[in-house]
Amino acid sequence: MKKVRKLGLLMLGLLAFSFLSYGQCEDDEFLDECASSLGTYTFIKAFNVDIKPKKQETVEYSYVFSKGSNYMIIVCDANEVGNKMIVNLYDRNHALIASSYDKKTKKHYPDMVYPCSATGVYYVEASLEGTDPGCGVIILGFSKEAFFIFMLPV
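Conventions used here
Once a new chain begins, its residue numbering starts again from 1 and follows that chain's sequence as written. Thresholds applied to this predicted model are a pLDDT of at least 70 for local features of residues and 80 or more for the giving and counting of side-chain atom pairs; totals over whole chains, interfaces and linings are not thresholded and use all residues. Side-chain metrics rest on all non-hydrogen atoms present in the structure, leaving aside hydrogens and water. Helix and strand assignments come from DSSP, with helices taken as H or I runs of at least 4 residues and strands as E runs of at least 2, each series counted from the N terminus. In this scheme, a residue with accessible area under 20% of its type's maximum is buried, one over 50% is exposed, and one in between is partly exposed, where area comes from a 1.4 Å probe on protein chains only. A patch consists of residues whose relative accessible area exceeds 30% and which take part in no salt bridge; residues with like charges are grouped when within 9 Å of each other, and nonpolar side chains (Val, Leu, Ile, Met, Phe, Trp, Tyr) when within 5 Å. Per-residue accessibility takes into account occlusion by the displayed protein chains alone, with areas from the Shrake-Rupley method and a 1.4 Å probe. Here, a salt bridge means any Lys or Arg side-chain nitrogen found within 4 Å of an Asp or Glu carboxyl oxygen. Here Asp and Glu are counted as negative and Lys and Arg as positive; His is not counted, and neither are the chain ends. Lys charges are placed at NZ, Arg charges at CZ, Asp charges at CG and Glu charges at CD. By nonpolar core is meant a set of buried Ala, Val, Leu, Ile, Met, Phe, Trp, Tyr and Cys residues that side-chain atoms within 4.5 Å join together. Contact definition: two residues touch when any of their heavy atoms are within 4.5 Å.

**Some details on unusual backbone geometry**
Phase 1: Positive phi, normally seen in glycine, also occurs at His94, with a value near 60°.
Phase 2: Along the chain, His94 turns up in the loop between strand 4 (85-90) and strand 5 (96-99).
Phase 3: Non-glycine residue Lys106 carries a positive phi angle of around 60°.
Phase 4: Mapping Lys106 onto the fold places it in the loop between strand 6 (101-102) and strand 7 (107-108).
Phase 5: In this structure Lys106 comes out as exposed when scored by relative accessible area, which is 63%.

Put into structure tokens, the structure is as follows:
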């Protein structure tokens, strides 16, 4: 009888631990795992995403983009099939510019690059394709376009 009780308590403890740890998002782990995807882009900001679909369907962040710069947006989540994060980029008028998800092909992309043609506030929106809670990080980086001036001998 004691063995059954101990086993029951152990199982209850493991269940409670898994339940408590399930709802936590380790943002630093996502950032550490995905930041290297920036390559030659300079890190600007990381947006922590923690979505609980029953309370909210999307989260939105804003950032000022500068004309002449290229921006990279990296989507970093738990990569759960059926509950992947979808990131959309909108201009200052909330017109959709780019998305990490192609509805036609049903394909997810891990990053997007946007060559900014107008300085202004841009909006980064995150949602989940499924109905389960989820979390992750959106990493924003930039690269200034290089302009070369060639001097010709006179």
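From this point, the discussion proceeds with the structure in view.
**Things to note about a negative patch on the surface**
Phase 1: A surface patch of negative charge is lined by Asp28, Glu29, Asp32 and Glu33.
Phase 2: Among the structural elements, Glu29 can be located in helix 2 (residues 27-34).
Phase 3: Residue class for Glu29 comes out exposed when judged on its relative accessible area of 53%.

**Some thoughts on the nonpolar core**
Phase 1: Counting 20 residues, the largest nonpolar core has Phe65, Ile73, Met85, Val87 and Ile138 as its most contacted members.
Phase 2: Listed by contribution, the elements that provide at least two residues to this core are strand 1 (42-51), strand 2 (58-65), strand 3 (69-77), strand 4, strand 8 (111-115), strand 9 (120-128) and strand 10 (134-144).
Phase 3: For this core, the leading source of residues is strand 9, giving 4 residues.
Phase 4: Residues within four places of Ile138 in sequence aside, it is in contact with Lys45, Ala46, Phe47, Val49, Ile73, Ile74, Met85, Val87, Val124 and Ala126.

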